[in-house]
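Letter by letter, the chains look like this.
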Amino acid sequence: MVPSSKSALILSHIAFEDLGTLDSPLRERGFSIECASASTAHFPLPQAETCDLLVVLGGPIGVYEQQEYPFLMDEIALIRQRLAARRPILGICLGAQLMAAALGARVFPGKNGKEIGWSPIQAAPNAHTPPWFAPLLSPGLSVFHWHGDTFDLPTGALHLARTEAYSNQAFAIGDFALALQFHLEVTAAGLESWYVGHACELHHAGINVENLRSAAREHAPALEAAAARFWNLWLDHIL
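These notes cover the structure that comes with them. (Residues numbered from 1 in each chain as written. Predicted model: local features only at pLDDT ≥ 70, side-chain atom pairs only at ≥ 80, totals over all residues. Heavy atoms only, no water.)

## Quick look at the pattern of salt bridges
Logical step 1: For the coordinates displayed, the defined rule picks out eight salt bridges.
Logical step 2: Among the salt bridges present, the one from D236 reaches R29, with a minimum N-O distance of 2.8 Å. One end of the pair, D236, is in helix α7 (residues 209-238); the other, R29, is in the loop between α1 (23-28) and β2 (31-37), with 207 residues separating them in the sequence.
Logical step 3: You can call R29 partly exposed: its relative accessible area is 22%.
Logical step 4: A salt bridge links D152 to R106; the nearest nitrogen and oxygen atoms lie 3.1 Å apart. Highlighted residues: D152 in the loop between β9 (149-151) and β10 (158-162) and R106 in the loop between α4 (94-102) and β5 (107-109), separated in sequence by 46 residues.
Logical step 5: Judged by relative accessible area, which is 48%, R106 ranks as partly exposed.
Logical step 6: Overlapping salt bridges bring together E192, E210, R213 and R217 as one network. (Salt bridge = Lys/Arg side-chain N within 4 Å of Asp/Glu carboxyl O. Helix = DSSP H or I, 4+ residues; strand = E, 2+ residues; numbered from the N terminus. Buried < 20%, exposed > 50% of the residue type's maximum accessible area, 1.4 Å probe, protein only.)

## Let's talk about the packing of helix α3 (residues 71-84) against α4
A pair of packed helices can be characterised by two numbers: the angle between their axes and the separation between those axes.
Logical step 1: As a packed pair, α3 and α4 sit with axes 9 Å apart at the nearest point and diverge in direction by 70°. The angle between α3 and α4 places the two elements in the roughly perpendicular class. Contacts from L72, E75, I76, I79, R80 and L83 of α3 reach α4 at L98, M99, A101 and A102. (Axes fitted to C-alpha atoms, helices over the stretch in contact; angles between N-to-C directions. Parallel < 35°, antiparallel > 145°, perpendicular 65-115°, else oblique. Contact = heavy atoms within 4.5 Å.)

## Details of the nonpolar core
Logical step 1: Within the largest apolar cluster, 47 residues are counted, with the highest numbers of intra-cluster contacts made by F133 and W234.
Logical step 2: Ranked by the residues each element gives to this core, the list is headed by α7, at 11 residues.
Logical step 3: Not counting residues within four places of it along the chain, the set of residues in contact with F133 comprises I121, L160, A161, A170, L180, F182 and F230.
Logical step 4: Residues M99, A102, F171 and I173 belong to the second largest nonpolar core, which totals 35 residues. (Core = buried A, V, L, I, M, F, W, Y, C linked by side-chain atoms within 4.5 Å.)

## What about the packing of aromatic side chains?
Logical step 1: Applying the stated criterion across every chain yields a total of 10 aromatic pairs.
Logical step 2: On the numbers, 5.7 Å between centres and 80° between planes, the contact of F151 with F171 is edge-to-face. Here the residue F151 occupies a position in strand β9, and F171 occupies one in strand β11 (residues 170-173), the gap between them amounting to 20 residues. There is no split in this pair, since F151 and F171 are both buried.
Logical step 3: Here the aromatic residues F16, W118, F144, W146 and W194 are joined through ring pairs into a cluster of three or more. (Phe/Tyr/Trp six-rings, centres within 6.5 Å; stacked < 30°, edge-to-face > 60°.)

## Comments concerning the sheet that holds strand β1 (residues 6-12)
Logical step 1: Across the sheet, eight strands lie side by side as β2-β1-β3-β4-β12-β11-β10-β7; this open sheet has mixed pairing. Across the chains shown, the open sheet's two edge strands, defined by having one partner strand only, are β2 and β7 (122-123).
Logical step 2: When β1 meets β2, the two strands line up parallel, connected through seven bridges. Directly across from A8, in β2, lies its bridge partner I33.
Logical step 3: Sitting on the sheet, α4 touches β3 (53-56), β4 (89-92), β11 and β12 (177-180), and the angle it makes with β4 is about 120°.
Logical step 4: Lying over the sheet, α7 contacts β3, β4 and β12, oriented at roughly 145° with respect to β4. (Pairing = 2+ DSSP bridges.)

## Digging into the packing of helix α5 (residues 188-197) against α7
Logical step 1: Two elements in contact, α5 and α7, have axes separated by 9 Å at closest approach and are oriented at 150°. As the angle between them shows, α5 and α7 are arranged roughly antiparallel. Judged by the twist between their axes, the crossing of α5 over α7 is right-handed. On α7, the residues that touch A188, L191, E192 and Y195 of α5 are V209, L212, R213, A216, A220 and E224. (Left-handed = near helix turned anticlockwise from the far one by under 90°.)

## Observations regarding the environment of G156
Logical step 1: Note on placement: G156 falls in the loop between β9 and β10.
Logical step 2: Taking C-alpha positions, G156 is 28 Å from S7, a pair spaced 149 residues apart along the chain.

## Considerations on the side chain of T150
Logical step 1: In this fold, T150 is placed in strand β9.
Logical step 2: By relative accessible area, T150 is classed as buried at 6%.
Logical step 3: Among residues more than four places away in sequence, those in contact with T150 are R106, V107, F108, G110, Y166, N168 and Q181.

## Description of the pairing of β4
Logical step 1: Burial of the side chains of β4 extends over both faces: I89 and G91 are buried on one face and L90 and I92 on the other.
Logical step 2: Sheet analysis places β3 next to β4, joined by three bridges and oriented parallel. In the strand pairing of β4, V55 is matched with L90.
Logical step 3: In this fold, β3 hands off to α3, which returns the chain to β4; that crossover is right-handed.
Logical step 4: Relative to β12, β4 is paired through four bridges, and the arrangement is parallel. Within β12, the position partnered with G91 by the bridge is A179. (Right-handed = clockwise from strand over helix to strand, strands pointing away.)

This is the structure we're talking about:
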């Protein structure tokens, strides 16, 4: 066991959207992991300033729903402070959208409908792709998407990836911040909880659960392998 010398704070919005495949790489590097539910956290969170890594996970609400979910204002302020301090931060899906908002970019419902399921990402046009991002652009690799909102690319951000439906799928700020609109962290087994927790959304979107499950069996093993390579390359880059 590697002695614990680093700390990670995980801000979650719904219990089953968790660290997934990122959990083991962090623990193998000796991270102590603290999890906090953003909706019930007592902001400000001092540990968000001092931790070695802040991870902001996904959830089924919109950045622009701050009247209904007032904690979002405090969460954005926390993220803005972290970014201003140039301290390592990762945002996934809603977490990426919150990072975009903290950087002054617009977050809004996507005009092309929900992007739910498995499909590849493409490198952003006219951008230098960092070597640590390369595992996610491997030929034939599909990543998992589950979002209806999108965002404008923040000023000063390095655009990393796009899909046919939505142009802004990933961006980086300097060598300390990464935002991923898609879900790199998922496993086929972990997604079973998503199918239950998001059952109403799937029903209203007309998406068949068995089709998602079948696609996960096909694509998740390759994603888990690519994610393992990516997490270690990225952690080496930022820490």
